[in-house]
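Examining the three-dimensional arrangement
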Amino acid sequence: MPISCIVRLVSYLEIKNLHTHFTLRGGSIFSPSKKVVRAVDGVSLNLEKGEILGLVGESGCGKSTLSRTVMQLIPATSGSVILDGEDLSELSKSEVRKRRLDFQMVFQDPYASLNPRMTIFSTLAEAVRQRRPELKGDALFSRVETLMATVGLDAKVMRKYPHEFSGGQRQRIAIARALAPEPKLIVADEPVSALDVSIQSQILNLITSLRNDLGLTMIFISHDLGVVHYIADRIAVMYQGKIVESGPAEKVFHEPEADYTKRLLASIPKLAACS
Ligand SMILES: Nc1ncnc2c1ncn2[C@@H]1O[C@H](COP(=O)(O)OP(=O)(O)O)[C@@H](O)[C@H]1O
Ligand SMILES: [Mg+2]
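This write-up is about the structure you can find in this document.

Parameters and conventions
Residues numbered from 1 in each chain as written. Chains lettered and ligands numbered in written order. Predicted model: local features only at pLDDT ≥ 70, side-chain atom pairs only at ≥ 80, totals over all residues. Heavy atoms only, no water. Buried < 20%, exposed > 50% of the residue type's maximum accessible area, 1.4 Å probe, protein only. Helix = DSSP H or I, 4+ residues; strand = E, 2+ residues; numbered from the N terminus. Pairing = 2+ DSSP bridges. Right-handed = clockwise from strand over helix to strand, strands pointing away. Phe/Tyr/Trp six-rings, centres within 6.5 Å; stacked < 30°, edge-to-face > 60°. Lys NZ or Arg CZ within 6 Å of the ring centre and 35° of its normal. Core = buried A, V, L, I, M, F, W, Y, C linked by side-chain atoms within 4.5 Å. Contact = heavy atoms within 4.5 Å. Near = heavy atom within 4 Å. Polar contact = N/O pair within 3.5 Å; in protein donor to acceptor, adjacent residues only side chain to side chain. Areas by Shrake-Rupley, 256 points an atom, 1.4 Å probe, with all protein chains shown as cover. Nonpolar A, V, L, I, M, F, W, Y, C, P; charged D, E, K, R; others polar.

**Some words on the pairing of strand β7 (residues 185–189)**
Summarising burial for β7: 5 of the 5 residues are buried, a large majority. Of the two faces of β7, the one lined by Leu185, Val187 and Asp189 and the one lined by Ile186 and Ala188 are each fully buried. Pairing analysis gives 4 bridges linking strand β6 (residues 103–106) to β7, with the strands arranged parallel. Bridge pairing in β7 places methionine 105 opposite valine 187. Of the pairings in the sheet, the one linking β7 to strand β8 (residues 218–222) comprises 4 bridges and is parallel in character. Among the inter-strand pairings, isoleucine 186 is bridged to a residue of β8, identified as methionine 218. With helix α8 (residues 197–214) bridging β7 and the parallel β8, this β-α-β connection has right-handed handedness.

Here it is, written out as structure tokens:
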């Protein structure tokens with residue numbers, strides 16, 4: 001048999017028929033009731049190394065639950081997540097803890113996700129040393145300096161605290177912290193939703209240049225199809241726990257097939273839709 005027939009092409013990240021259901025218990029002790037929320041309901045997606053996948057859908061459709069399940073922060077009800085050839089769903093809890101450095105998250109509210117009592121240097125040094133505990137002194141200082149330059153921050157401000165920065169600068173620090181342990185995958189969950197429009201585009205440009213320079217692999221989550229189209233190579237549209245459409249960003253944005261995608265597109269303010 002020719003080798004080409006036995007080499008199976010696999011993606012860097014493979015999400016296979018993933019389900020995450022929550023059981024809500026209510027009622028009284030005499031008539032207990034049970035409701036199952038199918039937050040993620042049979043999602044299959046692939047992501048290549050160095051690619052940004054935009055995950056879009058309205059609030060409550062299951063985006064955060066999907067990302068937290070992929071990152072093994074909450075257990076899947078069924079299905080699998082394979083990263084770089086390794087089935088994460090088969091790992092023990094202690095093995096998952098060891099792999100945690102491979103996945104980093106960036107959240108909507110950088111202020112809540114940064115420790116207010118730690119300087120930027122301490123925050124980034126701690127994140128660097130999670131992967132490289134041997135780094136100390138000048139070597140550690142220079143790694144932190146490089147990280148800050150990577151996200152467009154002047155190293156002179158490394159002794160300051162989170163409250164001394166603007167929202168956009170804090171999101172840059174959160175991105176630097178996510179990069180610090182050299183992860184395989186970054187999930188950014190609505191990272192620009194809380195920022196002013198002009199700051200949003202600066203952060204989107206930063207992420208685009210990081211993807212180009214560092215070959216970042218990212219799932220970028222937003223409720224805004226315009227934002228996702230700006231940044232993503234491919235787009236997956238989520239509705240009520242399911243992916244209703246996925247494909248190259250240009251295709252999904254300009255020639256959507258699913259009615260739900262068309263409705264999302266129609267809800268974008270005109271200026272964004274023209275860009
Ligand atoms: N821990 C939980 N327990 C019960 N229901 C949850 C939990 N987390 C999320 N949900 C429900 O799952 C659905 C998807 O939520 P979420 O993933 O946060 O959506 P999104 O990020 O798209 O806004 C919602 O109906 C939400 O109420
Ligand atoms: Mg969410």
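**Notes on helix α2 (residues 63–70)**
In terms of burial, α2 is largely enclosed, as 6 of its 8 residues are buried. Along α2, the residues that are buried comprise Lys63, Thr65, Leu66, Ser67, Thr69 and Val70. One or two residues past the end of α2 sits glutamine 72, with phi positive at roughly 65°.

**Quick word on the packing of aromatic side chains**
Scanning the model with the defined rule gives 2 aromatic pairs in all. A centroid spacing of 6.2 Å and a plane angle of 35° characterise the contact between phenylalanine 121 and phenylalanine 141, whose relative ring orientation is tilted. Of this pair, phenylalanine 121 sits in helix α5 (residues 120–131) while phenylalanine 141 sits in helix α6 (residues 137–150), placing them 20 residues apart in sequence. Phenylalanine 121 sits in the buried class, given a relative accessible area of 14%. A cation over an aromatic ring shows up here: arginine 159 above the ring of phenylalanine 121, its NZ or CZ 4.5 Å from the ring centre.

**Details of the nonpolar core**
Within the largest apolar cluster, 51 residues are counted, with the highest numbers of intra-cluster contacts made by Met148, Ile175, Leu179, Ile207, Met218, Phe220 and Ile235. The residues touching phenylalanine 220, leaving out its near neighbours within four places in the chain, are Ile52, Leu53, Gly54, Leu55, Ala188, Pro191, Val192, Leu204, Ile207, Val227, Val228 and Ile231. If you look at the next biggest cluster of nonpolar residues, it comprises 27 residues, including Leu13, Leu66, Met71 and Phe103.

**Here we look at the site of ligand 1**
The environment of ligand 1 is made up of Phe22, Leu24, Val37, Ala39, Glu58, Ser59, Gly60, Cys61, Gly62, Lys63, Ser64 and Thr65. Between an oxygen atom of ligand 1 and a main-chain N or O atom of cysteine 61, the distance comes to 3.2 Å. Contact between ligand 1 and lysine 63: an oxygen atom at 2.8 Å from a side-chain N or O atom of the residue. Taken by itself ligand 1 offers 560 Å² of open surface, and the protein chains cover 60% of this. At 3 residues, α2 tops the list of elements feeding residues into the shell around ligand 1. Among the residues forming the shell around ligand 1, the class breakdown is 5 nonpolar, 5 polar and 2 charged.

**Describing the sheet that holds strand β4 (residues 78–83)**
The 4 strands are arranged β2-β1-β4-β5 in an open sheet whose pairing can be described as antiparallel. Among the strands making up the open sheet, the edge pair consists of β2 (32–47) and β5 (86–87). Bridging between β4 and β5 involves 2 bridges; their strand directions are antiparallel. Note that in β5 the partner of leucine 83 across the bridge is glutamate 86.

**Considerations on the environment of leucine 24**
With respect to the element layout, leucine 24 can be found in strand β1 (residues 13–27). What leucine 24 contacts, discounting residues up to four positions off in sequence, is Ser33, Lys34, Lys35 and Val37.

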